[in-house]
Amino acid sequence: MIEISSKKNKYTYNVYHLVKAFFPNEEIIQSVDEKQESLVALKLPGGSCFSIAPEEAKESVGDLSEFETEEAKEQAIKKELTRLLYRYLEQQTGTALAWGTLTGVRPTKLAMTKLEQCDSMEQADAARIAAGWFQDEFFVSKEKAQLACEIAMREKKLLSKLDYKDGFSLYAGIPFCPSVCSYCSFSSSPIAEWKDKVESYLSALLKEIRAIGKMAQGHRPDSVYIGGGTPTTLEAGQLDRLLRTIVDNFDLSNILEFTVEAGRPDSITEEKLAVIRKYPVTRISINPQTMQQKTLDLVGRKHTVSQTKDAFYMARKMGFENINMDLIAGLPGEDAADMEDTLRQVEELHPDSLTVHALAIKRAAKYGQERRKQDLHSEISQMVESAAGCAERIGLKPYYLYRQKNIAGNFENVGYAELDKAGIYNILIMEEKQTILAAGAGASTKILLKDPIRTESGKEINLVRCENVKNITEYISRIDEMIERKGEWLWR
């Protein structure tokens, strides 16, 4: 057991997640005690202790007078505290984390900001400076720093095509799957349990999409993404109504990308693919997660390896020219040899993009509720490297990256693609450069404001989130409320 005590609540997030990255399978007890002298006190298994006094942290920061506000001073102290704690944990464990002190999900957002500060420089010089800053400021490894900057530069180029002023992106969510995978924490439910509610859900979703269409008049979507869940759990006729509603309610003349996440191979049929082909869809996903049948059976994916291949070849035959596949490194029972075999089979299919996730066990997932421990064997590093090698062999370049809490081995999720087939929506979700209007249960709308506003706490923000309720029944009954929330903020 590990005990953490912080003087202020603002230190708890970074401290907890940093300690958890070094000790993923240890139970952690955390408390806040405003009366304690130290900013943070930590007791590790075996009795080793760490604590740092306020004056010690301030001295380590240096001259605090260069910071204009008290909030800026506090942030500097918090950052330095995190750095000092990292060095202590690194020394105690003899282990360095690939992403250093970074605990957030968007390292490329930091890289993007740094590159924008170096806008007047040659690209190579800007990338070198940004990578060096990553290493010095956050103790990120050289390889990960270079990867983050390489991806940020590609993202910057891809996002330059967007209409930031009048454009937006549209998301529609289908919260149903053939079955729920043991590692999944998304808001999705087995379709068989909701058969009687699917029509009611779809009616509510179409109502929300039509309402968004009215709100967005005079604005055109740059990208459309239908995700979930598994959108192809809908019947062909239902899928047709969904796509028709989007086409009828939005001006798609400026569209750069239209994705349907077909996802599970056992939900894909020729009839459904034929429906998708009727519309201006440019990209689909067929996601195996692994090509090891033993693992598919273990994690509750009710499809076979053969079904994955059959669905892929069928989509190719029907004219789909941009197909993504998702894989997960670190699934239970798999080793590096299993991953190599999966990658060999994927390489034969030659998808246009490949997204490689390191397993993250969330509390909402079945594995999280069972308190499964993560097997962070060194082979996960080999799996991630092998996936990068596979992507390179089939001509795919890394174009987006994000991280998750409790991610195996403190690694990352990376999207690889042929450069003219990179998933723009995936980048937007991470970089938050454009308004995303989202419809469906659990969907999160992100509205970028023209002018920043100040919250009650005094923090200045330029992005407002409007979250739809996750519960499917509540979404159906409260659809008018979901619509009204967006209207309060749009195009302000």
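Relevant structure appears above.
Residues numbered from 1 in each chain as written. Predicted model: local features only at pLDDT ≥ 70, side-chain atom pairs only at ≥ 80, totals over all residues. Heavy atoms only, no water.

Along the chain, E321 falls in the loop between α11 (305-317) and β11 (323-329). Spatially, the C-alpha atom of E321 lies 9.1 Å from that of P351, the residues being 30 residues apart in sequence. Beyond its immediate sequence surroundings of up to four residues, E321 is in contact with R316, D352 and K421. (Helix = DSSP H or I, 4+ residues; strand = E, 2+ residues; numbered from the N terminus. Contact = heavy atoms within 4.5 Å.)

Attention shifts here to the sheet that holds strand β2 (residues 28-32). Spatially, β2-β1-β3-β4 is the arrangement adopted by the four strands of the open sheet, whose pairing is mixed. At either end of the open sheet lies a strand with only one pairing partner, and these are β2 and β4 (49-52). The sheet shows a mean angle of 10° between the axes of neighbouring strands, taken without regard to direction. The sheet contact formed by strand β3 (residues 40-43) and β4 spans four bridges and is antiparallel. Bridge pairing links L42 to F50 in β4. (Pairing = 2+ DSSP bridges. Axes fitted to C-alpha atoms, helices over the stretch in contact; angles between N-to-C directions.)

A few words on the state of the cysteines. Summed over all chains, the structure comprises zero disulfides. With no disulfide partner, C118 has as its closest neighbouring cysteine sulfur the one in C149, 9.3 Å distant. Overall, C118 belongs to the buried group, its relative accessible area being 7%. (Disulfide = S-S within 2.5 Å. Buried < 20%, exposed > 50% of the residue type's maximum accessible area, 1.4 Å probe, protein only.)

Moving on to the packing of aromatic side chains. Tallied over the entire structure, the rule returns 15 aromatic pairs. Seen in terms of ring centroids, F134 and F138 are 6.0 Å apart; in terms of plane orientation they differ by 65°. Their pairing is edge-to-face. Separated by four residues within a single helix, F134 and F138 lie in helix α5 (residues 123-138), roughly one turn from each other. Overall, F134 belongs to the buried group, its relative accessible area being 0%. Judged by relative accessible area, F138 falls into the buried class, the value being 10%. Ring centres of F176 and Y201 lie 5.5 Å apart, and the angle between their planes is 80°; on these two criteria the pair is classed as edge-to-face. Of this pair, F176 sits in strand β6 (residues 176-177) while Y201 is found in helix α7 (residues 198-215), placing the two residues 25 residues apart along the sequence. Given a relative accessible area of 0%, Y201 falls into the buried group. Each member of the aromatic cluster is reached from another via a ring pair, and the members are F22, Y86 and F139. Over the ring of F139 we find R87; its NZ or CZ atom is 3.8 Å from the centre of that ring. When the ring centre of F320 is taken as origin, the NZ or CZ atom of R277, which lies over that ring, is 5.4 Å away. (Phe/Tyr/Trp six-rings, centres within 6.5 Å; stacked < 30°, edge-to-face > 60°. Lys NZ or Arg CZ within 6 Å of the ring centre and 35° of its normal.)

Residue G228 is joined to G229 through a cis peptide bond whose omega torsion reads 15°. Take G229: it is sitting in the loop between β8 (220-228) and α8 (236-249). Positive phi, close to 60°, is recorded for H350, a residue that is not glycine. Even without being a glycine, E432 presents a positive backbone phi close to 55°. Relative to the assigned elements, E432 resides in the loop between α15 (424-431) and β15 (436-439).

Another aspect to go through is the pattern of salt bridges. A full pass over the atoms with the stated rule returns 33 salt bridges. Residue E90 pairs with R87 through a salt bridge whose shortest N-O separation is 2.9 Å. Taken together, the residues span about one helical turn, with E90 and R87 both in helix α3 (residues 70-93) at a distance of three residues. Among the ionic contacts, a cluster of salt bridges with common partners joins R106, K109, E432, K446 and R465. (Salt bridge = Lys/Arg side-chain N within 4 Å of Asp/Glu carboxyl O.)

The subject of this paragraph is the pairing of strand β9 (residues 257-263). Counted residue by residue, β9 has seven buried out of seven residues, so it is predominantly covered. Side-chain alternation along β9 places E257, T259, E261 and G263 on one buried face and F258, V260 and A262 on a second face that is also buried. Bridging between β8 and β9 involves four bridges; their strand directions are parallel. Across the sheet, residue I226 finds its bridge partner in β9, namely V260.

Looking at the secondary structure, you find P398 in strand β13 (residues 397-402). Residue classification places P398 among the buried residues on the basis of a relative accessible area of 9%. Once residues within four sequence positions are removed from consideration, P398 is found in contact with L147, E150, I151, R154, V414, G415 and Y416.

Moving on to α11. End to end, α11 covers 19 Å across 13 residues, agreeing with the expected 18 Å (1.5 Å per residue, within 8%). Within the sequence span of α11, burial applies to V305, T308, A311, F312 and A315. Viewed along the axis of α11, the buried residues span an arc of 130°, placing them on a single side of the element. Exposed and oriented more than 90 degrees from the buried face of α11 are D310 and K317. Among the structural elements, α9 (270-277), β10 (283-286), α10 (293-299), β11 and α12 (336-349) are those in contact with the buried residues of α11. One or two positions beyond α11, positive phi appears at G319, with a value near 105°. (Expected span 1.5 Å × (residues − 1). Arc of directions from axis to C-beta.)

Now for α12. Between its terminal C-alpha atoms α12 stretches 20 Å, which fits the 20 Å expected from 14 residues at 1.5 Å a residue. Along α12, the positions that sit buried rather than exposed are A336, D338, M339, T342, L343, Q345, V346 and L349. Taken together, the buried residues of α12 touch α10, α11, β11, β12 (353-358) and α14 (379-393). Looking at where α12 begins, the residue whose side-chain oxygen comes 3.1 Å from the main-chain nitrogen of A337 is D335. (Polar contact = N/O pair within 3.5 Å; in protein donor to acceptor, adjacent residues only side chain to side chain.)

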